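As a plain string of letters, each chain reads:
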Amino acid sequence: MKNFEYGKPASIEQALAFLNKGTPDVFLMGGGTDLLGEIKEGIVAPAAVLDLKAIPGLAGIKKEKDALVIGAAASIADVAENADIAGLFPALHQAAGVISSPQLRIMGTVGGNLCQRPRCWYYRDASVLCAKKGGSKCYAEKGRSKYHAIFAGGFCWSVYPSDLAPALVALGAQIVLQAAGGERILPVARFYAPPIVNVRKENVLAGGEILKEVRIPLPKPGDKSAYVKFIERGAWDFAVVSAAVWVSAAGNSVRDIRIVCGGVAPIPWALTAAEDALRGSRVSQISVSRAAAKAAAQAVPLSENGYKVYLLESIVTDAVLKAVRAPHS
Ligand SMILES: Cc1cc2nc3c(=O)[nH]c(=O)nc-3n(C[C@H](O)[C@H](O)[C@H](O)COP(=O)(O)OP(=O)(O)OC[C@H]3O[C@@H](n4cnc5c(N)ncnc54)[C@H](O)[C@@H]3O)c2cc1C
């Protein structure tokens, strides 16, 4: 492991000033639970690491007039245990509560969870120069693909590992990116970009930017949500397939719906075919399974992950029914 400079900025302005002073390979750090692993495994070699956790105000969770605002340095445990989040955004509460172990939830931050790198075994192997690391191909395409993507692969078939990301996309949240010249606000859905845009990155964060906070619009009457995650081991595992659902409903009638999956694509993946099939309809077990099957029919599995197509159908069906049948917040 190469030595690196370690900085503990006291403000976001100090962090931005360091980021913009021209040192190459400056990495931002939240809890370090992903970044330090990447450094130790030789996947990245920073010249400097900026620890954002000590920046005052960056870890707050506050309810404003129209939105709940979560600072990038808030821990996953803070999100899982926050009473406002549990009441207003069940999908986010449920997603945060099933991330890994209590220790990782205490160390890991929201910003780090949303910017973490894929867990693909080829990407995480320093001896393999895959497309994501600047090589010419994705080794999963013709190689071992049990945990890989069934949508939007091609240049890279890794899956995005975050549980918070699909929940936030489904809830219509926005992300605030701070640069020295000001901030830009994007829907979380547009923060992520598929490999065809840039195979080396999963998001559109620019070099001089810091993810500052996430803003989730407060629910309107009839808004409900849920998160369902399938893991292979009993606990502490990444999603094989997960589904976050936000629904605006009156009884069983769906006015509007968003269904966003984890574990199936290189970015959080919206199942628009299922959303279109359910929008404006009365839901039943049969109509939801048919809608989920429609979305699953668009999957392009690799040689070892065809099982994910069937899993997707059942996880999505469970998540939609769980959201529709949930009590109003
Ligand atoms: C055994 C194990 C099991 C896990 N299981 C799950 C799971 O089930 N579900 C799940 O979602 N995750 C899981 N994870 C991943 C874990 O949740 C992430 O490692 C964690 O959320 C990252 O947060 P962090 O603050 O430690 O990020 P860091 O490691 O500090 O950073 C991660 C990345 O984000 C960047 N970054 C951090 N903060 C910012 C910011 N504010 N602005 C811009 N960039 C930033 C860093 O530069 C780095 O590239 C697991 C990890 C392990 C080791």
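Use the structure listed above.
To start, this report covers the structure provided alongside it. (Residues numbered from 1 in each chain as written. Predicted model: local features only at pLDDT ≥ 70, side-chain atom pairs only at ≥ 80, totals over all residues. Heavy atoms only, no water.)

**Focus on the overall build of the protein**
No. 1: Secondary structure summary: the protein contains 12 helices and 12 strands in total.
No. 2: For a compact globule of 329 residues, the expected C-alpha radius of gyration is about 20 Å, and the protein comes in at 19 Å, within 12% of that figure.
No. 3: In terms of overall dimensions, the protein has a C-alpha envelope of 60 × 50 × 35 Å along the principal axes.
No. 4: By residue count, 53% of the 329 residues in the protein fall in the buried class.
No. 5: Taking as baseline every contact in the protein between residues at least 6 positions apart, the subset at least 24 positions apart corresponds to 64%.
No. 6: Carbon and sulfur atoms make up 56% of the accessible area of the protein, which totals about 14300 Å². (Helix = DSSP H or I, 4+ residues; strand = E, 2+ residues; numbered from the N terminus. Rg over C-alpha atoms; globule rule 2.2 N^0.38 Å. Buried < 20%, exposed > 50% of the residue type's maximum accessible area, 1.4 Å probe, protein only. Contact = heavy atoms within 4.5 Å. Areas by Shrake-Rupley, 256 points an atom, 1.4 Å probe, with all protein chains shown as cover.)

**Some points on the site of the ligand**
No. 1: Taken together, 30 residues are adjacent to the ligand, and L28, G31, T33, T109 and D163 come closest.
No. 2: G30 is positioned such that a nitrogen or oxygen atom in its backbone is 2.7 Å from an oxygen atom of the ligand.
No. 3: L35 is positioned such that a nitrogen or oxygen atom in its backbone is 2.7 Å from an oxygen atom of the ligand.
No. 4: Here the ligand, which alone exposes 970 Å², has 91% of that area covered by the protein.
No. 5: Mapped onto the shell around the ligand, the elements with two or more residues apiece are strand 2 (26-29), helix 7 (110-115) and strand 8 (210-217).
No. 6: Tallying contributions element by element places helix 7 first for the shell around the ligand, with four residues.
No. 7: When grouped by side-chain class, the residues that make up the shell around the ligand number 14 nonpolar, 12 polar and four charged. (Near = heavy atom within 4 Å. Polar contact = N/O pair within 3.5 Å; in protein donor to acceptor, adjacent residues only side chain to side chain. Nonpolar A, V, L, I, M, F, W, Y, C, P; charged D, E, K, R; others polar.)

**Points about the sheet that holds strand 3 (residues 48-51)**
No. 1: Pairing is parallel in the open sheet, where three strands are placed in the order 1-3-2. With one partner strand each, in any of the chains shown, strand 1 (5-7) and strand 2 form the two edges of the open sheet. The mean angle between the axes of side-by-side strands here comes to 20°, regardless of whether they run parallel or antiparallel.
No. 2: As paired strands, strand 2 and strand 3 are joined by four bridges and run parallel to one another. In the strand pairing of strand 3, F27 is matched with V49.
No. 3: Together, strand 1, strand 2 and strand 3 form the strand contacts of helix 1 (residues 12-19), whose direction differs from that of strand 3 by roughly 170°. (Pairing = 2+ DSSP bridges. Axes fitted to C-alpha atoms, helices over the stretch in contact; angles between N-to-C directions.)

**Here we look at the pairing of strand 3**
The side chains of a regular strand alternate between the sheet's two faces.
No. 1: Side chains A48 and L50 of strand 3 all project onto a buried face; the interleaved residues V49 and D51 project onto the opposite face, where all are buried too.
No. 2: Where the polypeptide runs from strand 2 across helix 2 (residues 35-40) and back to strand 3, its parallel neighbour, the crossover connection is right-handed. (Right-handed = clockwise from strand over helix to strand, strands pointing away.)

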